[in-house]
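Okay, here's what each chain looks like letter by letter:
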Amino acid sequence: MNFEEKIDAIGAIFRCDSRSAELLSHILIPQHVAAKQILAHQGEPSHHCWLVIDGGVRIEAFRMDGQRQQLAQHGPGEFFGAYPVPTTHRAETCALVDTYLLRAETTIIAALVSTEAQIGAGMARLLARQLDRALDRMVARTTYSAAGRVYAELLALADGRDHIAPPPRVTTLALSANTTRETASRAIAALIRRGIVSRDDDALTVHAPRMLLELIC
């Protein structure tokens, strides 16, 4: 990730201007985590927080019987880790695929959020949007079909716009929708065949958002 790409990613996630994005860029350090690599262990001190740029991570806790229990997944544009103060990792964090993150020290980013109005507003929107998505995913996983979850995730990524740029990776969509890559690929292919969406190297365009909404079931 070069400097301009980093600024663009931060600006898109926080919905802030270039000045605020540059301030954040000084404390957000790029980090690559290979697929299945452990990013944090349950019970360890937690002094950092992360933004997902590409890929995804899974949060799992160990039950009393030693079995893993998935608590959450985080995909592009989402935030996780210790905030606003250092704490202890309540669960293990593992990369689902090759994942690219931006990492910050908790106390430093919290101080910036408290002193810069635009960054503070951006963080509030980010966390509120993430909570809303988490609730939507809880509903989707209990009531929607696998394809329906993929379509719901597309609408969430579009966030009221007629396009998603850059276009989402099928693997990332599958992770977010809690389904397989093959299922997500078939679901997107069906939308393209019907002309509901189109995709090129720059964006996925939603031509018929109402029809896409009606397919969520």
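Residues numbered from 1 in each chain as written. Predicted model: local features only at pLDDT ≥ 70, side-chain atom pairs only at ≥ 80, totals over all residues. Heavy atoms only, no water.

> Is there a simple way to think about the layout of surface pockets in this case?
Any empty space left between the atoms is revealed when a probe the size of a water molecule rolls over them. Considered as a void within the structure, the largest pocket measures approximately 1100 Å³ in volume. What lines the largest pocket is a set of 38 residues, among which I53, P76, G77, A165 and P166 lie closest to the centre. Elements represented by at least two residues in the lining of the largest pocket include exactly α1 (3-14), β1 (29-33), β4 (48-54), β10 (99-105), α4 (117-143), α5 (146-158), β11 (163-164) and α6 (170-176). By residue number, the principal contributor to the lining of the largest pocket is α1, which donates five residues. The class makeup of the residues in the lining of the largest pocket is 19 nonpolar, seven polar and twelve charged. If you go around the second largest pocket, you meet 18 residues; those closest to its centre are I59, H74, F80, G81 and R90. Breaking the lining of the second largest pocket down by element, the ones donating at least two residues are β6 (68-74), β7 (79-81) and β8 (87-88). (1 Å grid on protein atoms, 1.4 Å probe; cavity = no way out; pocket = protein on both sides within 12 Å on 5 of 7 lines; lining within 4 Å. Points joined across faces, edges and corners; volume = space filled by probe spheres on them. Helix = DSSP H or I, 4+ residues; strand = E, 2+ residues; numbered from the N terminus. Nonpolar A, V, L, I, M, F, W, Y, C, P; charged D, E, K, R; others polar.)

> I would appreciate a short explanation of empty space enclosed by the protein in the present structure.
All chains considered together, the criterion is met by one cavity of 30 Å³ or more. By volume, the largest cavity is sized at about 40 Å³. Lining of the largest cavity is provided by G55, G56, Q73, H74, G75, R137, T172, L175 and S176. Only β6 and α6 provide two or more residues apiece to the lining of the largest cavity. Ranked by residue count, the leading element in the lining of the largest cavity is α6, at three residues.

> I would appreciate a short explanation of the sheet that holds strand β9 (residues 92-95) in the present structure.
The strands that make up a sheet pair up through hydrogen bonds in the backbone, lying either parallel or antiparallel. Taking strand neighbours across the sheet as the criterion, the four strands line up as β2-β9-β5-β6 in an open arrangement whose pairing is antiparallel. Since the sheet does not close on itself, it has two edges, and those belong to β2 (38-40) and β6, each with one partner. Pairs of neighbouring strands in the sheet enclose a mean axial angle of 30 degrees, with direction left out of account. Of the pairings in the sheet, the one linking strand β5 (residues 57-62) to β6 comprises six bridges and is antiparallel in character. For E60, the partnering residue across the bridge sits in β6 and is Q70. (Pairing = 2+ DSSP bridges. Axes fitted to C-alpha atoms, helices over the stretch in contact; angles between N-to-C directions.)

> What exactly am I supposed to notice about α4 here?
Spacing of three or four residues puts side chains on the same side of an α-helix, whose turn is 3.6 residues. Helix length check: α4 (27 residues) gives 39 Å between terminal C-alpha atoms against 39 Å at 1.5 Å per residue, within 8%. For α4, the full list of buried residues reads I119, G120, G122, M123, L126, R129, Q130, R133, R137 and A140. (Expected span 1.5 Å × (residues − 1). Buried < 20%, exposed > 50% of the residue type's maximum accessible area, 1.4 Å probe, protein only.)

> What am I meant to see in the environment of L215 here?
Tracing the backbone shows L215 in the segment after α8 (209-214). Separated by 176 residues in the primary sequence, L215 and L39 place their C-alpha atoms 36 Å from one another. Excluding anything up to four places from it in sequence, L215 contacts G148, Y151, L191, R194 and I196. (Contact = heavy atoms within 4.5 Å.)

> Sorry, what's going on with the sheet that holds strand β12 (residues 197-199) here?
Read across the sheet, three strands follow the order β11-β13-β12 without closing on themselves; strand pairing throughout is antiparallel. Edge positions in the sheet fall to β11 and β12, since each of these pairs with one other strand and no more. Where β11 meets strand β13 (residues 204-206), two bridges bridge the pair, whose relative direction is antiparallel. The residue of β13 that forms the bridge with I164 is L204.

Function cannot be read off these values alone, since they describe shape.
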